[in-house]
Amino acid sequence: MIRKLLIANRGEIACRILRTANSMGIECAVVYSEADSHALHVQMADIAFCIGPPAATESYLDAGKIIAVAREWNADAIHPGYGFLSENAQFAALCEDNGILFVGPDSQVIAAMGSKARAKELMTAAGVPLLPGYHGQDQAPEHLQQQAQLLGYPLLIKAVAGGGGRGLRVVHSEGEFIPALHAVQREAKSAFADDRVLLEKYLPSARHIEVQIVADQQGNYLHLFERDCSMQRRHQKLIEEAPAPGLTDKIREKLYGYAIKAARELAYTGVGTVEFLYQQEECYFLEMNTRLQVEHGVTEAVCGIDLVEWQLLIAQGESLPRQQNEIKCTGWAIEARINAESPLQDFLPTTGSIRTLHWPALPSLRIDAGFRSGDRIGPHYDSLLAKLIVHAETRTMAIRQLQLALQTTHMHGPDMNLAFLATLLGDADFVSGNLSTQLLHEKMPAWQNETRWQLMQQAQREPEGNGVQAGFGALQSWRSVVQNHYSRRFHYLGREIPGHQWTAGDTTTRPHEQTLKAPLPGRIIAVSVEAGACVSKGQTLLIIEAMKMEHTLVAPTDCVVATVLCQENDTVQPEQILIEFVPSPKTETKSNAKTKAGKS
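Residues numbered from 1 in each chain as written. Predicted model: local features only at pLDDT ≥ 70, side-chain atom pairs only at ≥ 80, totals over all residues. Heavy atoms only, no water.

Peer 1: Would you mind showing me how to read the overall build of the protein chain here?
Peer 2: Scanning the protein chain from terminus to terminus reveals 16 helices and 35 strands. For the protein chain, with 600 residues in total, the buried portion stands at 55%. As displayed, the protein chain has an accessible area near 24,400 Å², and 49% of this comes from carbon and sulfur atoms. (Helix = DSSP H or I, 4+ residues; strand = E, 2+ residues; numbered from the N terminus. Buried < 20%, exposed > 50% of the residue type's maximum accessible area, 1.4 Å probe, protein only. Areas by Shrake-Rupley, 256 points an atom, 1.4 Å probe, with all protein chains shown as cover.)

Peer 1: Explanation requested: the nonpolar core in the structure shown.
Peer 2: A general trend in soluble globular proteins is that nonpolar side chains are found buried together. Core analysis: the largest hydrophobic core is formed by 69 residues, its most contacted members being Leu 5 and Ile 213. Considering every element that reaches this core, the biggest residue donor is helix α9 (residues 249-266), with nine residues. Counting residues in each nonpolar core, the second largest holds 40 residues, with Phe 347, Leu 385, Ala 398 and Ile 399 among its members. (Core = buried A, V, L, I, M, F, W, Y, C linked by side-chain atoms within 4.5 Å.)

Peer 1: What exactly am I supposed to notice about the sheet that holds strand β31 (residues 540-546) here?
Peer 2: In a beta sheet, neighbouring strands are held together by backbone hydrogen bonds and run either parallel or antiparallel to one another. An order of β32-β31-β29-β34 is seen for the four strands of this open sheet, with the pairing classed as antiparallel. The open sheet has two edge strands, β32 (549-554) and β34 (571-572), and neither has a second partner. As defined by bridge partners, β31 adjoins β32 across six bridges and the pair is classed as antiparallel. Bridging across to β32, Glu 545 finds its partner in Glu 550. Helix α8 (residues 174-192) rests against β29 (522-527), β31 and β32 of the sheet, and its axis sits at about 140 degrees to β32. (Pairing = 2+ DSSP bridges. Contact = heavy atoms within 4.5 Å. Axes fitted to C-alpha atoms, helices over the stretch in contact; angles between N-to-C directions.)

Peer 1: I tried to follow the environment of Arg 252 on my own but got confused; where do I start?
Peer 2: Topologically, Arg 252 is positioned in helix α9. When the C-alpha positions of Arg 252 and Glu 226 are compared, they lie 7.8 Å apart, and in sequence the two are 26 residues distant. Look past the residues within four positions of Arg 252 in its chain and what remains in contact with it is Glu 226, Pro 243, Ala 244 and Leu 247.

Peer 1: Hey, could you run me through the pattern of salt bridges in this one?
Peer 2: Pairing is possible between side chains that carry opposite charge, provided their charged atoms lie close to one another. Tallied over the entire structure, the rule returns 29 salt bridges. Across the pair Glu 300 and Arg 366 runs a salt bridge whose closest N-O atoms are separated by 2.8 Å. Placement of Glu 300 in helix α10 (residues 296-303) and of Arg 366 in strand β20 (residues 365-369) is noted, with a sequence separation of 66 residues between them. Two residues, Lys 517 and Glu 575, come together in a salt bridge whose shortest N-O distance is 3.8 Å. In this pair, Lys 517 sits in strand β28 (residues 515-517) while Glu 575 sits in the loop between β34 and β35 (577-583), placing the two residues 58 residues apart along the sequence. Note on Lys 517: relative accessible area 26%, which makes it partly exposed. The exposure class of Glu 575 is partly exposed, given its relative accessible area of 40%. Sharing partners across several salt bridges, the network here consists of Glu 12, Arg 16, Arg 19, Glu 300, Asp 306, Arg 366, Asp 368 and Lys 387. (Salt bridge = Lys/Arg side-chain N within 4 Å of Asp/Glu carboxyl O.)

Peer 1: Got a minute to help me understand the sheet that holds β20 in this structure?
Peer 2: In space, the eight strands of this open sheet follow the order β14-β13-β10-β11-β12-β15-β22-β20, with antiparallel pairing throughout. Looking at the sheet topology across the chains shown, the edges are occupied by β14 (282-289) and β20. Averaged over all pairs of adjacent strands, the angle between strand axes in this sheet comes to 25 degrees, irrespective of strand direction. Judged from the five bridges that link them, β20 and strand β22 (residues 384-392) form a sheet pairing that is antiparallel. Within the sheet, the bridge partner assigned to Ile 367 lies in β22 and is Leu 388.

Peer 1: Would you mind going over the packing of helix α1 (residues 11-23) against helix α11 (residues 307-315) with me for this structure?
Peer 2: Axes are the key here: two packed helices are described by the angle between their axes and the distance separating the axes. One can describe the packing of α1 onto α11 by two numbers: an axis separation of 9 Å at closest approach and a directional angle of 65 degrees. Taken as a pair, α1 and α11 cross one another with a handedness that is right-handed. Residues Arg 16, Ile 17, Thr 20 and Ala 21 of α1 pack against Leu 307, Val 308, Glu 309 and Leu 312 of α11. Each residue belonging to the contact of α1 with α11 can be placed in one class, and the counts come to five nonpolar, one polar and two charged. (Left-handed = near helix turned anticlockwise from the far one by under 90°. Nonpolar A, V, L, I, M, F, W, Y, C, P; charged D, E, K, R; others polar.)

Peer 1: Is there a simple way to think about the environment of Ala 193 in this case?
Peer 2: The topology assignment puts Ala 193 in the loop between α8 and β9 (197-201). Along the chain, Ala 193 and Ala 161 lie 32 residues apart, while their C-alpha atoms are 8.6 Å from each other.

Peer 1: I tried to follow α9 on my own but got confused; where do I start?
Peer 2: What sets the pattern is the α-helix's 3.6 residues per turn: residues three or four places apart point alike. Along its 18 residues, α9 runs 26 Å from first to last C-alpha, staying within 8% of the 26 Å computed at 1.5 Å per residue. Those residues of α9 lying buried are Ile 251, Arg 252, Leu 255, Tyr 256, Tyr 258, Ala 259, Ile 260, Ala 262, Ala 263 and Leu 266. Just downstream of α9, Ala 267 is the residue with a positive phi angle, here 50 degrees. (Expected span 1.5 Å × (residues − 1).)

Peer 1: Just to check I follow, could you spell out unusual backbone geometry for this structure?
Peer 2: Most of the time, phi is negative for any residue but glycine, and the peptide bond is trans. Cis peptide bonds are those with omega within 30 degrees of zero, and the linkage from Tyr 153 to Pro 154 qualifies with 0 degrees. Note that Pro 154 resides in the loop between α7 (141-151) and β7 (155-163). For Asn 74, which is not glycine, the phi dihedral falls at a positive 60 degrees. Along the chain, Asn 74 falls in the loop between α3 (63-73) and β4 (77-79). Its identity is not glycine, yet Ala 267 carries a phi of approximately 50 degrees, on the positive side.

Peer 1: What is the right way to look at the environment of Gly 152 in this model?
Peer 2: Position of Gly 152 relative to the elements: it lies in the loop between α7 and β7. Relative accessible area serves as the criterion here: at 18%, Gly 152 is assigned to the buried category. Separated by 19 residues in sequence, Gly 152 and Val 171 place their C-alpha atoms 10.0 Å apart.

Peer 1: Just to check I follow, could you spell out the packing of aromatic side chains for this structure?
Peer 2: Two aromatic rings, taken as a pair, are described by how far apart their centres are and by the angle between their planes. Tallied over the full model, the rule gives six aromatic pairs. Look at Tyr 60 and Phe 84: their rings are 5.0 Å apart centre to centre, the planes differ by 20 degrees, and that puts the pair in the stacked class. On the criterion of sequence distance, the pair formed by Tyr 60 in the loop between β3 (47-50) and α3 and Phe 84 in the loop between β4 and α4 (89-97) is long-range, its members being 24 residues apart. We classify Tyr 60 as buried; its relative accessible area is 0%. Look at Tyr 258 and Phe 276: their rings are 6.4 Å apart centre to centre, the planes differ by 35 degrees, and that puts the pair in the tilted class. You can see Tyr 258 sitting in helix α9 and its partner Phe 276 sitting in strand β13 (residues 270-279), a full 18 residues away along the chain. Each member of the pair, Tyr 258 as well as Phe 276, carries the same accessibility label: buried. Aromatic rings pair up to connect Tyr 60, Phe 84 and Tyr 381 into one cluster. (Phe/Tyr/Trp six-rings, centres within 6.5 Å; stacked < 30°, edge-to-face > 60°.)

Peer 1: Looking at this structure, how should I read the packing of helix α12 (residues 395-407) against helix α13 (residues 418-425)?
Peer 2: Relative orientation of the contacting elements α12 and α13 amounts to 160 degrees, with a least axis distance of 9 Å. Taken together, the axis directions place α12 and α13 in an arrangement best described as roughly antiparallel. In terms of crossing hand, the pair formed by α12 and α13 is left-handed. Seen from α12, the contacting residues are Ile 399, Leu 402, Gln 403 and Leu 406; seen from α13, they are Leu 418, Leu 421, Ala 422 and Leu 425. Looking at the contact of α12 with α13 residue by residue, the classes come out as seven nonpolar, one polar and no charged. (Parallel < 35°, antiparallel > 145°, perpendicular 65-115°, else oblique.)

Written as C-alpha cells, this is what we have:
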C-alpha cells in the first residue's frame, strides 16, 4: 500500500496529483526549487522539500536529490507527473534500486519507448504500421543527408530521445537539411543529453490521434478510447478533445487494436498513450508516452475515470477496477491549454507577476491550474499555466462553452493566449471537424489578425497601458494608430512593434528599429553574424533558449550589423540590446530615390 507519496513535479500537474492522492488518504510531500518557494503545490502539500536553485537541472531534474528526499521522508512511492523525470529510465531504475515504487512502467519499458528508434523496432515486431523513415545507428551528417534524399521531402528530423515538440524540425528541401539537422542536434543535446536523430516522412495533412491505454500487473489491458490532438503550433498541442471527430467505427477499432498490441509487446503496466498519425484512412505509429499526458483530463471526462487514482492503484499491485465492456465514452470533452505567451509577438513566452486571476464559474468547466493571483511566472520552466476542460453532451455545445470560459477569464499580468484560443475555437474548419496538424500554420495569419481586432476592441473599453486581460483575455496595452488611409502601426506598452507595419501599394522594405533586443529572458546558444555583415530581412541572427524552447531572432529588415553585444552562453534579460544595426546601402539608395521623386 502507498501511504506516503512524494510528487516530483510542480505547477498544475503537481496540484492535480495532490488532490487525488489526498482523497485516497495518502500523505503527500512535494519538492520545489527556490523559484517555487511560494508556489501553489507547495502550499497544498503536507510537507515540502527545497531541492535547489531555479534551474531545472539543479532541482527538478536532479534525480539524486529527489531520491535523497524520498529516502529521508521514507516515501513509499514517487509520482513523476509529466515532463522533467517522468520518462527518465535512469530515474525509474534509481527508484527500483532504493525500494521506492515508481508510479509508471518499469525502467526497461521507459528506456525502450524513450528511444524513438528502438520503439519503431518493437512496433514493427508487434505488427503496428510505421511511417517510412530512417532510424539507423549511422549519425554522420552526410549519411543522414543521403537517407533524406532517398526518403524524399518534406520530411521530419526528430531527436531519438525527444518529446513535447522539442528536438523536431520539418525540412522541405535539401538546402534546409543541414541547418535543420544542426538545430535538432543542438536542442536535443541541451534538453535530453542525447543528440541522435531519426528521419521520418512528413505528412502535411495528417491528423494527430492518440489512444489512452491502461494495464495492470496481472496482465489485463484496456483502452480508454481516443483523443484528437491535431491543433498544434510548432508541434506543441493547444487544443485536445475526446472523442476524435469524424472517425468511422472501423478506424477506431483499428486504432484501439494497434494500441493494445503495442502495450502487450512491451508487457506494459500503468497508464500510457499510443500516438498515431492518421491520413486517408491509414494509421501510422508515432510514439508511445509512458506517463500521464497533459491532456488526460478529456479522457477522464468522457469515461468518468480518475486516471491518477488508477495509476496509484496499479503501482501498488491492484487489478484494474473495470473491464473493457464496463467503460463507455459519454458526451464530448475539449481542453484548451492556457500558456504565458504573446500571440502578437510570434507566441514568445512571457514572464512576470499575475496581479489578479479570476476563473469563470461554469458548471461544465474543470480548471486544472497551478497558479493563482500573486504568483510569478519565471523563465526557468515551460509556459503552461493551466488547462480549461469542458464536458458537454455534444461537440458543438462543448465548443461554445469552452469559448465562453475563455471569454470570461479575467487576468492581470503577463500576456496569455486566451484570445487566440477563443479565435481558434470559432474557426469554421475547426467547428466542422476539418482538422489537421497544419491547420494552425495555414490559418495563423488570419487568426492573428482576428486576435488583434479583439485586442484593439477591448483596448477601447479599458484605460491604455494597464496590462489587464479581460473579456477575450485581451492585452489592454495594445493600440492601433491609424496614420492615414494607407498606413497602420501596432504598439505595445507605448512601443511600436517591428514587423507589424505596412503601407497599401508599397512593397518597398523599410527600416524599423535600429537595434535587436531580447524578447524574453534566456540564454544565447548561437550567434550567426558578426560586425560588418550585410544581412537580409528574415535572416537568422541568433538563437535564444528560454522556457525549454529555442527561439530564433531574425533581421527586421535589410541592414548592416554594426555591433554584436552578446556571445554564446550569455544570459540575457528582456529588452537587452543584443545587436545594433545601420541601414544597408541599398535601403538608403531606395529611400533617397523616393525622397528625390517626392521633391520633383
